[in-house]
Structure formats: structure tokens, C-alpha cells
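A look at the structure
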Amino acid sequence: MKKSAFLGTAVAATLVAGASFAGTLEDVKAKGHVQCGVSTGLVGFAAADANGNWDGFDVSVCRALAAAVLGDPQAVKFTPTTGKTRFTALASGEVDVLARNTTWTFSRDVDLKFTFIGVNYYDGQGFMVPKALGVSSAKDLDGATVCIQTGTTTELNLADFFRTNNISYEPVPIETNAEAQAQYLAGACDVYTTDASGLAATRATFESPAEHTVLPEIISKEPLGPLVRHGDDQWADIVRWTLNALIAAEELGVTSANVKDSAMSAGKNPEVNRLLGTEGNLGEMLGLSADWAKNAIAAGGNYGEIFERNIGEKTAIGISRGLNAQWTNGGLLYTPPFR
Amino acid sequence: MTNSSNASYVRTEMLGEKPAPVGQTGIIRWFRENLFSSIPNAIMSLVALWMIYLVLSHVLPWIFQSSWNANSLKECRAAIKEAYGEGTHGACWAVIRERFLQLIYGFYPSELYWRPNLAFIGMLVALAPILFNKLPRKMLGFTALYPFLAFWLLWGGSVWLPFMIITGFVLGYVAFTMLPHYIGTLGATIAAFLVPVLFWLLLAGPFASGMQSIADVGLEPVESAKFGGFMLSILIGITGIVMSLPIGILLALGRQSDLLIVKAICVGFIEFIRGVPLITLLFVASTLLNYFMPPGTTFDIILRVIIMVTLFASAYMAEVIRGGLAALPKGQYEGADSLGLDFWQSTRLIIMPQALKISIPSIVSTFIGLFKDTVLVSIIGLLDPIGLSTNIRADAAWNGIIWELYGFIALVFFIFCFSMSRYSMYLERKLQTSH
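As the structure is a prediction and not an experimental result, all values here were calculated from the model.

1. Here's the deal with the environment of P130 of chain A
Residue and element names in this part refer to chain A. Take P130: it is sitting in strand β8 (residues 125-130). Separated by 168 residues in the primary sequence, P130 and A298 have C-alpha atoms spaced 42 Å apart. Not counting chain neighbours up to four residues away, the residues in contact with P130 comprise Y184, D190, E211 and H212.

Set out below in C-alpha cells:
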């Protein structure tokens, strides 16, 4: 604080400035924790409880990663980022990985020089309307006032949708989800549009959710996934295959309950054996220990368990698997084989 | 006829005092004079009363028909429905109860709360001799030490780091007072600047680690990511306020200086910083600085923000104080000169006390503005009270709570800002010299 802190830190900064910049994996191992960029708060995806412990769907990815790399799901520190600071935080090296429901788009991948390592949630933009409005399809929304968060892709998607359907709308620009909720409930707009997961979470908080309905149309593709910086392929591989391990574990029936037993000795299914390190040397290829995937799965369970615990149908948010089911169940989750 | 004193029409005793007519006293008179003095006034009073009633009749039930004990918004609504009947909209203050400590301290480890508490009490003690001149002047010694103490208490770590920084300042002071005899005033001034910097850069690190190995005195370190809530607001606000006043005074004096380069630097700084929105400076602090610095450098985000806030406030403060300087009659400067005082003496003894007194309302306005501006740090992802309210809403149990959190935050900010405002009025009355 005050002058002392400034000078002290200036001195400290000068002293460490000479330190070399090794690969992210070495850095992470050296400092003993993964620095993970998360949202400042998004229901079901990232939130801190009264004791300051972070939890949520995106947070679970970070914990699994920390468990895979360092063997400890608690060896992760969270940097809350806003929509405005998230990319610079990652690009400047402030965080090792960004798991902040970020849509995988061409320009973010190519132009901003990030590597999206996969998709952990397939989202899409939807509409919520009061039932009293008597609307059953988004195409009936001609002339509606629409609450929309400014500066997001949802704004552009909305314009595209109404233009292609040749209908008009009046936007009510708002800044945050909380503001949107208040405006929508106060009747300042007929329709609230944002990602379908956000709509479900918002609707769940209403005093009478049954009076509101989410329209069937999903007007955009929003594949949300963790991302890392360009230029460190080893680290990107680690994050990618940690996420894949969680997805594969669900497909192969490995859960947090049985992962310890399955990892004790090789079982009948060779892919499970390779995943859990009782056969082959996948961990070694990544530069991690043989039980990396076991640790990642033990941290918070497989993909399905994480989904059900944070945003699934039994939670207040109540999102069904839909597109996020395994490919064997008609969803889009399809991990390349572990071999 | 002989004894006129017996005449019955002459009073012999005074009448007792009668109370004034009912319409001319007490509450009725007050009402008549202030609210119903004319027909338009009466109409406006009635309309105003009706408006006040309208607002209170909605707000008060909401505030008081509330729930304090629930553990989620759903439970809140159920409890309110049960207690006050169907269709009652009450506040869910339970969220404040559950998250109170978090709103105050952020994620600061709960077993270490005594450290920010102690730092806060220390702050009051350190500020007291500055704010109230009846207190013993010796307390200023503690005030000078306090910044280092607070830094150590809040962030923890080895005691030797703040100790080394103090040592640097002491060395600079020694150089400034001892050396003029040998190398002249200018040389001593330069030495006073160079000696501490060289000490910090070259000697402080090894010396501190050496002392650390001899006497391992320290507190458990707490990283900046754990700072949040009102603690963060007060930390940024108070530091900005305390630092911006002296820097602002220097800038204001520099702007009036005859030295071309000093003047150009001050004018450039003030105009540049004032011409840029605070939020832009915060973005520079949070994102751009990371690009400028060598990879792997860690420069504390709170520190970066404090520096930017201080620079911003200093520029405004400089202009406020320049306004005070401009309001002084030229005779004051000439009078000071005629007494044979040099520039610093006349500034310190004659000019500044008057200029600052004139500027008090504006200075305090700037302070209040600065303190409230600290909530902008939520935009760059720091968890100040506003940032925390987003985070609390992200908890599935409290999602949908809006007014309760904002209301509580507003109340706390109001208490702080109102106190500052009252203090400035006290100070103005105390310094009132015109009769």
C-alpha cells in the first residue's frame, strides 16, 4: 500500500524481470498451481461460495486440469475475468488457461492467436418470452422489443435472424444479465435473448417460472470451450486431452466412484486401461504421470457427473443434455480414441 | 369622586400573559409558514406528501416484510409468503447475512481477519492527527510509519521488506540533511533521490534475505487475488486520496512555475490524465501494462490500479488547488515576498494554508468522487463490492437477487461519503476566519 508497496513491487519486478520464460507446463510445475481464468460469476459455470471456494462447470475443467498436471484438484488459482479483460489476460500470460464460456469462433482462433482445445458445452442463442404474450415461435416476434446485452455476438446474431426472416424488432440495450432480468421482469422488453443456458438459469430464478417460456428456435451456434495461447502445443495437448479424458470416461463408464478401483489393475477394456494408465504410456507422452487421467476424473467425476452436478436437470438451472449428450446418445460429444 | 383609586374601571393588577393564538405557535405555525403559506404552496405540499407516501408505502413493506434466515432465494420467497401472505414482495436480506463477511473482506482468509481490522483501526489512528489538530503532534510519527505497517499487515510476508523500504527513505532523508554542507543543495537533492533508489535496487534484496535468515519475522502472505469487497474499495480509495493531495499540490505549484520544463511536464500530465476516462486508465493498468513488461514479470494488479487511480485523482486535485491559488489576492504573494520569505517558506506558511482552505469543498468533492469511482475496478475483474455482487448472483442459491445487494452497497458507500462531507463542513467552520 502507498509508496512502500509501489517501490517494493517495482524492486521485486525488476529483480524477477530477468527470469526466463519456459514452457507453460514447466512454469505450472514450478509455481505449483494452474492459473485459470474464469468468469467473474456465471450461474452454474463459475461462482465462489461464501468461503471463497470456486465451483461450477467451467471451474471443474480447471480442477481436472490441475489434478492431471499436479495431482491435486485444489492446486489451482482463479483469476476472475470480465468479457473485456479475458483475452488480454490469456495473451499476456496472466492465466495459463481460460475456461470462461467463450465461444469458439474463427477470428478468435486465428486472428487473436488462441488455440481452442475443444468444446465443453454446446450452446446456442434462444429467446424467452412471457407466456401471456401468446407467442409460440420466434418468427412471430415481428415488432417486439428485445432486451439484449451489448457488445456480444448475441447482438449480431439477433440482427441476422430478424433480417433473414424479414421482420422488425426494437433493441433494448443492457449491460449485464442481472440488469436484463430486472428489465425483462419489469416489462421493459417483450423478449430476452441470450445463450440458452443463460435463459434457463435466469428463468429458474423467477418467482413464477411457469409464466415464461423459452421459444424452440435456437438461432446461433455457440460452442463454448477452454482456450490457451498459440505457440505452446504441449500445453494445448495437455488441456485438450484432459477434457477428452473427462468425455471419454463418461463414454467408457468410468466414474469418480469406480475410477480408483479401475486404475488399480488392468481391466478387460483396453481403452479404459490406456486411459487410466494401467496399460501403455499415454501419460508419459504428454509429459505427465501415468495416472494423470485417473486424477482428472477423480477430481470431479467424468463429464456427465460434472454436468449433472452443476447445470443438470436436478439442479436449480435444470438444463437437459441435448446437444451435450454423448454421440452414442444422439449428442455431439465425440472424443478421438485414446490409443 | 374623592377616591379615584376605587373607581372600578381602573385596573390595579396586570393581566396574566396569555398564550399566543393557536395559529401563531408551535407546529401549526411551522406548517402554516413552511408548507401552506399560499394556495400554490399548499397544493405543492400536498402533492409532495402524496409522492412521499407513495414511495414509502412501497419501499417500507419491501424492506421490513423481509427474510433474514433463509439459505436461498427460493427459501426467502417461501418464508415471506408464509409470514406475510400470498403476493407479498419482500426483501431477501438473508443474502447479506450469509455474504456479509465476503462483502467486507472479499476472499481474505477468515482466520486472518484481524489483520485488515487492525489496519483499519490503525488507519483511523494515523488519520486522526491530520484531521483534528487538537491531538498531540507526536502521533504524526505513527502516521508516517502507518503506510508501511498497513502494507505489511494486509499483504503479510517478511517484515524486512517494508523495513528495507523505510530504511531507504531514512537514507534519503539523511542524505538530504547532511550532504548540503559538502556538495551543495542541488547535489544533496539529487543524492536524496539517488541514494534510496540505489539502496533498494542493489542492497535491499540481499540485505532483506540476509536478515530473514537471521531473524525470521513475518506474517503469512496473502495474495492480492484474495482482496475484495469494501476492504478493496477502502484500500484503493484511501490510498488514492492520501497520495493524490500532496501530488496534486506539487502539480498545481508546478503548473504555476516559471521553470519552463517543470511547467510543461505538469501541464502535460494534468491535461493528458484529465483528458482520459478513468476506466481507460484502469484498462491500461489491467491489460496493456502486461504487454509492456517482460514476460514472467508479476506486477501486482491492485498496485497497478492504485497507481492509476492516484494519478487520475492527482490531476483533478491539481486543478482544484490551482483554483484555490488563483483565488488568492496578489497582495498575499507580495506580502510574503516583502517579509523576505523564500518560495517554499511563503508557499508553506502563507499561500497554501489559504489556498487549501478555499478549496476544501472541491477537494472533498474530488475525494468523494474518487472513492465512489473505485467500483469501476469491477470492470477489470477485481472483486470489489459491485464485482462481488455479480459473483454472489452467480451462486445458484442467490441468482435473481438484485436490489438487496445494490441497496446494501449503496448504504455503506453513503455512510462513508456522508462522513467525509460532514467532516469537510466541520473543517470549514473551524477554519472560518471572517467574522
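2. So, empty space enclosed by the protein
Residue and element names in this part refer to chain A. On inspection of all chains with the given rule, the structure shows one cavity of 30 Å³ or more. Roughly 40 Å³ of internal volume is contained in the largest cavity. Around the largest cavity sit F57, V61, N120, L243, L246, Y303 and I306, which together line it. Here the lining of the largest cavity is built from residues that sort into six nonpolar, one polar and no charged.

3. A short note on the state of the cysteines
Residues and elements named next belong to chain A. One pass over the full model with this rule turns up three disulfides over all chains. Two residues, C147 and C189, share a disulfide whose sulfurs are 2.0 Å apart. Its torsion about the S-S bond being -95°, the disulfide of C147 and C189 is classed as left-handed. You can see C147 sitting in strand β9 (residues 144-149) and its partner C189 sitting in the loop between α7 (177-185) and β11 (191-195), a full 42 residues away along the chain. Here the disulfide map of chain A reads 1-2, 3-4, the bonded cysteines being numbered as they appear in the sequence.

4. A look at the nonpolar core
Core analysis: the biggest nonpolar cluster contains 146 residues, and W54, W235 and W292 of chain A together with F227 and V305 of chain B have the highest contact counts within it. The leading source of residues in this core is helix α12 (residues 301-327) of chain B, at 13 residues. Setting aside chain neighbours within four positions, we find V305 of chain B in contact with I236, L282, A285, V377, I380 and L382 of chain B. The next biggest cluster of nonpolar side chains, apart from the first, holds 15 residues, and it includes V146, F161, F162 and V191 of chain A.

5. Section: the side chain of E222 of chain A
All names here are of chain A. Counting through the fold element by element, E222 comes out in strand β13 (residues 222-229). Here E222 occupies a buried position and makes no salt bridge, while the nearest side chain of opposite charge, R108, is found at 6.4 Å. Separated by 2.8 Å, the side chains of E222 and T103 make a polar contact. One polar contact links E222 to N157, side chain to side chain, over a distance of 3.0 Å. Discounting chain neighbours no more than four positions away, the residues touching E222 are T103, Y121, Y122, D123, G124, Q125, T153, N157 and D195.

6. Observations concerning the pairing of β11 of chain A
Residue and element names in this part refer to chain A. Among the five residues in β11, five count as buried, and that is most of the element. In the sheet, β8 pairs with β11 via four bridges, with the strands oriented antiparallel. Bridge assignment links F127 to a residue of β11, and that residue is T193.

7. Comments concerning the domain arrangement of chain B
Each domain of chain B was delimited in the assignment, giving domain 1 (22-61) and domain 2 (158-219). The distance between the C-alpha centroids of domain 1 of chain B and domain 2 of chain B comes to 67 Å.

8. Considerations on the packing of aromatic side chains
In the structure shown here, the tally under the stated rule is 41 aromatic pairs over all chains. Between W241 of chain A and F338 of chain A, the ring centres sit 5.0 Å apart and the planes meet at 90°, which makes this aromatic pair edge-to-face. Note that W241 of chain A is positioned in helix α9 (residues 233-252) and F338 of chain A in the segment after α14 (303-310), a separation of 97 residues in sequence. Every member of this aromatic cluster is reached through a ring pair, and the members are F100, F230, F371, F408, F413 and F416 of chain B. A cation sits over an aromatic face here: R321 of chain A above F307 of chain A, 5.0 Å from the ring centre.

9. With respect to the sheet that holds strand β12 (residues 212-214) of chain A
All names here are of chain A. Ordered by their spatial adjacency, five strands build an open sheet running β10-β9-β11-β8-β12, and the pairing between neighbours is mixed. Looking along the sheet, the strands with just one partner apiece sit at the ends: β10 (169-174) and β12. Across the sheet, the mean angle from the axis of one strand to that of its neighbour is 30°, orientation sign disregarded. With six bridges connecting them, β9 and β10 associate as parallel partners. The partner of T145 across the bridge, within β10, is E170.

10. Re helix α14 (residues 343-373) of chain B
The terminal C-alpha atoms of α14 of chain B, which comprises 31 residues, lie only 35 Å apart, well short of the 45 Å expected from a rise of 1.5 Å per residue. The largest bend in α14 of chain B comes to about 60°, at I360 of chain B, with the proline P361 of chain B one to four residues further on.

11. Observations regarding the domain arrangement of chain A
All names here are of chain A. Per the domain assignment, the segments making up chain A are domain 1 (22-122 + 223-329) and domain 2 (125-220). Between domain 1 and domain 2, the residue contacts involve seven residues of the former and five residues of the latter. Its largest share of buried area at the contact with domain 2, domain 1 owes to V43, I317 and I319, together 40% of the area lost on that side. Where domain 1 packs against domain 2, one counts zero residue pairs in polar contact (both at pLDDT 80 or more). The residue makeup of the side of domain 1 that touches domain 2, split by class, is six nonpolar, no polar and one charged.

12. Observations concerning the pattern of salt bridges
For the coordinates displayed, the defined rule picks out 14 salt bridges over all chains. Residues D237 of chain A and R240 of chain A are paired through a salt bridge, measuring 3.0 Å at the closest nitrogen-oxygen approach. Linking D237 of chain A with R240 of chain A, this pair stays in helix α9, spanning three residues, or about one helical turn. Residue classification places R240 of chain A among the partly exposed positions, given a relative accessible area of 23%. Of the charged contacts, one joins R99 of chain B and E98 of chain B as a salt bridge, the two residues approaching to 3.2 Å between their closest N and O atoms. Residue classification places E98 of chain B among the partly exposed residues on the basis of a relative accessible area of 28%. When salt bridges with common partners are traced through the structure, they connect R255, E271, R274, E319 and R322 of chain B into a single cluster.

Calculation criteria
Residues numbered from 1 in each chain as written. Chains lettered and ligands numbered in written order. Predicted model: local features only at pLDDT ≥ 70, side-chain atom pairs only at ≥ 80, totals over all residues. Heavy atoms only, no water. Helix = DSSP H or I, 4+ residues; strand = E, 2+ residues; numbered from the N terminus. Contact = heavy atoms within 4.5 Å. 1 Å grid on protein atoms, 1.4 Å probe; cavity = no way out; pocket = protein on both sides within 12 Å on 5 of 7 lines; lining within 4 Å. Points joined across faces, edges and corners; volume = space filled by probe spheres on them. Nonpolar A, V, L, I, M, F, W, Y, C, P; charged D, E, K, R; others polar. Disulfide = S-S within 2.5 Å. Core = buried A, V, L, I, M, F, W, Y, C linked by side-chain atoms within 4.5 Å. Buried < 20%, exposed > 50% of the residue type's maximum accessible area, 1.4 Å probe, protein only. Lys, Arg positive; Asp, Glu negative; His and termini not counted. Salt bridge = Lys/Arg side-chain N within 4 Å of Asp/Glu carboxyl O. Polar contact = N/O pair within 3.5 Å; in protein donor to acceptor, adjacent residues only side chain to side chain. Pairing = 2+ DSSP bridges. Domains from an automatic or database assignment. Phe/Tyr/Trp six-rings, centres within 6.5 Å; stacked < 30°, edge-to-face > 60°. Lys NZ or Arg CZ within 6 Å of the ring centre and 35° of its normal. Axes fitted to C-alpha atoms, helices over the stretch in contact; angles between N-to-C directions. Expected span 1.5 Å × (residues − 1). Bend = angle between axes of the 7 residues up to and from the residue. Buried area = accessible area lost by both parts, 1.4 Å probe.

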